[in-house]
Amino acid sequence: MLYKELVDTYEKIENTSKRLEITDYLSDLFKKTPPDVIDKVVYLTKGRLHPDFWGIELGIAEKLTIKSISAVTSVQEDDVLKKWHEVGDLGTVTEILMRDKIDKTSIQVINQKRIDDTIDAEKGEDNSRSIKKPLTVKTVYAVLDDIARLSGTGSQKAKIQMLVSLLQHAEPREAKYIIKTVTERLRLGIGDMSIIDALSIAFANKTDKIVIERAYNLYPDLGMIAKVLANEGLDGVASIRITPGIPVRPMLAERLYTIEDILEKISSAAVENKYDGIRMQCHICNDGNVKLFSRRLEDITGQFPEIIIDLKKSFTGSNGIFEGECVAFNQNTGEILPFQEVSHRRGRKQGIIQAIEDYPVCLFLFDCLYKDGEDLTVKSYLERRKILESAIKPSGKIDISNYEMIDNAKDFEKFFDRSLEIGCEGIVAKSPDSAYMAGARGWNWIKYKREYKSEMVDTVDLVVVGAFSGRGRRAGTYGALLMATYNPDRDVFETVCKLGTGFDDATLTSLPAKFEQYKLNKKDKSVESRIESDYWFVPSVVMEVLGAEITLSPIHTCGLGSIKEDFGLAIRFPRFTGRWREDKDPFNATTTSEIIEMYRLQLKRFK
Ligand code: ATP
C-alpha cells in the first residue's frame, strides 16, 4: 500500500469537520488496506507507531527536525524557523519549502535531464531506474520505527540522517505528514471511538460495534484489533481476551451528592474508602514479571520498584491483574497522606531510589480482574473481592481496601466520617452484584467525596501528650507525637491528631532527649485518649501546628460527642510549623471549644 493513499485520506479528513464524513473516509481507507498492514495504518492514523501503553515515543526534538528539513530543502535553519513561526506548522513548512525547491530546480533538472538523456542515448543506457520509487506504508512505518528506537550516543545524528533520507524519497505532501508524525503533531482529530466506528463499518455491521468495543476495553490495542478483524472477522475479535501485561481500560465511578441518593441507586452497597492517590493496575505475568499501569494506561512499572517487590511477596498464584490506589503513607503514624505527597512519585524518571525514601507509598488493592488464567471481569463484585482477599496477603507496602455492606444512611455516614479521618477523600459505593465494566462509567460504582473541602487557615497550638516509636528512617527516635487540645471546662487534654510531618532531621533526632524529662509509665490522668501510644508524657510542651482541615473522628477525643454522638474532632494532615511555643504553658494551648468553633465555621463556609 502506498503512503500516498494515507495522505489522500488525511487531506480529506483535514478538510471536513463532519464526524460522519470523517468516519466514512476512514472506513474507506480501512477497506482498501491490505490486512497485513492495517495495524500500521491504524497506528499511523493515530499519529503513533504502537499502542500507547508500549511507551515508545516517536517525538523527534523540533531542533533536529528543523536540521533535517534544512538538509532536504537546502534552506538555512534560521529561515526554516522563521517560516515555521509564520506558518505555525512544521509539516506545512516542509511541504512549502520542498515545493519551492522543486519549482526552482525543475528548469535546471529538465535541462540537465535533456543532457543526461542525450548522453545515455549515446551510451545506449536506460537511466529510468534512478527515478524515485513511491513510498509505501511499510517503508515509512519501518523507518519511523527505527528512528523511534534509536537511543544513546550518536543517536541524534543517526535520527537526522534517517529522516533526511526518508524525506528525500517523499513527495512534498507526504513529507508534510511525515514531519507532522515525527513531531507528534498529526492532529487529525480522530479519537479511538472514531476508529472503532470506521472499523465496524469496514468489516462488520454497525451493530457489531459492541464486540469491537468490548475487545478494546479489555485489550486497548486498536492496531492489533484491526488486524484480527481484517484477518479473522468478528469471531476473531470476540475471542480477544484480557491478558496479563496488556492494560485493561479502567471501570469508572459516577458521582452523587447525598447518601440517600446513593442508597436509592444501590440499596445495599459495598462501601469502600476512597483513597486519594494514583490509580494503579498491577499485572503479574506468567513469567513472574510485574507491570504497573496508570489510569491512563501508561506503563509506570519503573517508577515503583518497591511496590513490585512487595506485590510479588503478597501474591499467591501464577498470574493476575489487580487494581488499587497507591497513596503516600507515613510509616510511623500509619497515616495516609494527601495526594500532593504521592504526586512527587508520579512521572519520575530519575532519583527513584531517593524518592522511595522521601515519599513512601502504600498500595490499597480494591479489585481483581484476572487470576490464574481466568477473566474475572464477568464475575460479581463480591466474588471478585473474595478472590482478591485469597490471592493477596497484605504485607509491606501492599494492603487491601476495606469494605462494608451498608444499607442505611447512619452506617453510611459513620463509614464516610471514618474514611475522612484516616486520610481518605470520601467513599466509593459499589453494587455487590455488578461485573467489572472495563472502560465504562456507570452507577455500579458511585463516588461520594468530602463536600466541604477547606484549608485550615489558622495555626493551632497543641500539647504533646504521647509519642510513637519510629520505624525505618526514624528508627531510634519518635515516628510521631500524640497531640491534644486543652478543655478548660473539664480540665483535661483531649487528643486531636498524630503529628509526624514538618520535622527536619536534626529536630527529629533530638526528640527523645527533649521529652525524656516528661516521660511517664502510663497515661497522665489529665489526658483523655482512645489511642494507646508507645510513650506517655506529662502534658507540658506546646507546638504550633497547621492542618488541612478539621474532620469528625471516631478515634480522637477532642470535643467528643459535641458535634456527633461518639465522634470527636481531628485535625487532618497536621504539620509542625517549626515553632515551639515556649511562651505558652499547656493550659494556654488551643482549647477544645476553639476547635469545635473552627469546625462549625468550616462547615458554614463550605456549605
Ligand atoms: P474518574 O476516575 O471518575 O474519572 P477522577 O480521575 O477525578 O475521576 P475521582 O473523582 O477521584 O477520580 O474518582 C475515581 C477514582 O477514585 C478512581 O479512578 C480511583 O483511582 C480512585 N479510588 C480510590 N479508592 C477507590 C476504591 N476503593 N475503589 C475504586 N476507586 C477508588
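Not measured: the values here are computed from a predicted model.

Draft legend 1. The arrangement of the pairing of strand β3 (residues 278-284) in detail. Where burial is concerned, most of β3 is hidden: 7 out of the 7 residues are buried. Side chains I278, M280, C282 and I284 of β3 all project onto a buried face; the interleaved residues R279, Q281 and H283 project onto the opposite face, where all are buried too. Bridge count between β3 and strand β5 (residues 320-330): 7 bridges; the pairing is antiparallel. The residue bridging C282 from the neighbouring strand is F322, located in β5.

Draft legend 2. Structural view of the domain arrangement of the chain. Split into domains, the chain comes out as domain 1 (48-182), domain 2 (252-449) and domain 3 (460-605). Placing a centre on the C-alpha atoms of domain 2 and another on those of domain 3 gives a separation of 30 Å. Contacts between the two partners involve 20 residues from domain 2 and, on the opposite side, 22 residues from domain 3. Roughly 1600 Å² is buried in total at the junction of domain 2 and domain 3, and carbon and sulfur atoms are behind 49% of that figure. The tally of links from domain 2 across to domain 3 stands at 3 salt bridges. One salt bridge connects K564 with D417, and the closest N-O pair in it is separated by 2.5 Å. In this assembly, domain 2 and domain 3 are joined by 9 residue pairs in polar contact (both at pLDDT 80 or more). Ranked by residue count, the leading element in the side of domain 2 that touches domain 3 is helix α18 (residues 409-421), at 6 residues. Looking at side-chain class alone, the side of domain 2 that touches domain 3 contains 5 nonpolar, 5 polar and 10 charged residues.

Draft legend 3. Up close: the packing of helix α4 (residues 62-73) against helix α8 (residues 155-168). Where α4 meets α8, the closest approach of the two axes is 9 Å, and the angle between their N-to-C directions is 45°. Taken together, the axis directions place α4 and α8 in an arrangement best described as oblique. Crossing hand, α4 versus α8: right-handed. Here L64, K67, S68, A71 and V72 of α4 lie close against α8, whose contacting residues are Q156, I160, L163, V164, L167 and Q168. In the contact of α4 with α8, the residues fall into 7 nonpolar, 3 polar and 1 charged.

Calculation rules
Per chain, the residues get numbers from 1 upward, laid out in the order the sequence is written. Per-residue local features of the predicted model are confined to residues with pLDDT of at least 70, and side-chain atom pairs are confined, for both listing and counting, to 80 or more; whole-chain, interface and lining totals are unaffected and use all residues. In computing side-chain properties, one takes all heavy atoms of the structure into account and sets aside hydrogens as well as water. Burial classes follow relative accessibility: with a 1.4 Å probe on protein chains only, a residue under 20% of its type's maximum area counts as buried, one over 50% as exposed, and anything between as partly exposed. We count a stretch as a helix when DSSP gives it H or I for four or more residues in a row; a strand needs E for two or more, and each element gets its number in order from the N terminus. Any two strands with at least two DSSP-identified bridges between them are counted as paired. Domain ranges listed in this record stem from an automatic or a database domain assignment. Note on contacts: a residue pair qualifies if any of its non-hydrogen atoms lie within 4.5 Å across the two residues. When two parts are brought into contact, each loses some accessible area as probed by a 1.4 Å sphere; the total of that loss over both is the buried area. In the sections that follow, a salt bridge refers to a side-chain nitrogen of Lys or Arg positioned within 4 Å of a carboxyl oxygen of Asp or Glu. Definition of a polar contact: a pair of N or O atoms within 3.5 Å, with one able to donate and the other able to accept a hydrogen when the atoms are protein atoms, and with sequence-neighbouring residues admitted only if both atoms are side-chain atoms. Amino acid classes used here: Ala, Val, Leu, Ile, Met, Phe, Trp, Tyr, Cys and Pro are nonpolar; Asp, Glu, Lys and Arg are charged; the rest, including Gly, are polar. Note on geometry: axes are C-alpha line fits, over the in-contact stretch for helices, and angles between N-to-C directions span 0 to 180 degrees. When describing relative orientation, an angle under 35 degrees is termed roughly parallel and one over 145 degrees roughly antiparallel, while 65 to 115 degrees is termed roughly perpendicular and anything else oblique. Two helices crossing with the near one rotated counterclockwise from the far one by less than a right angle form a left-handed crossing, whereas a clockwise rotation gives a right-handed crossing.

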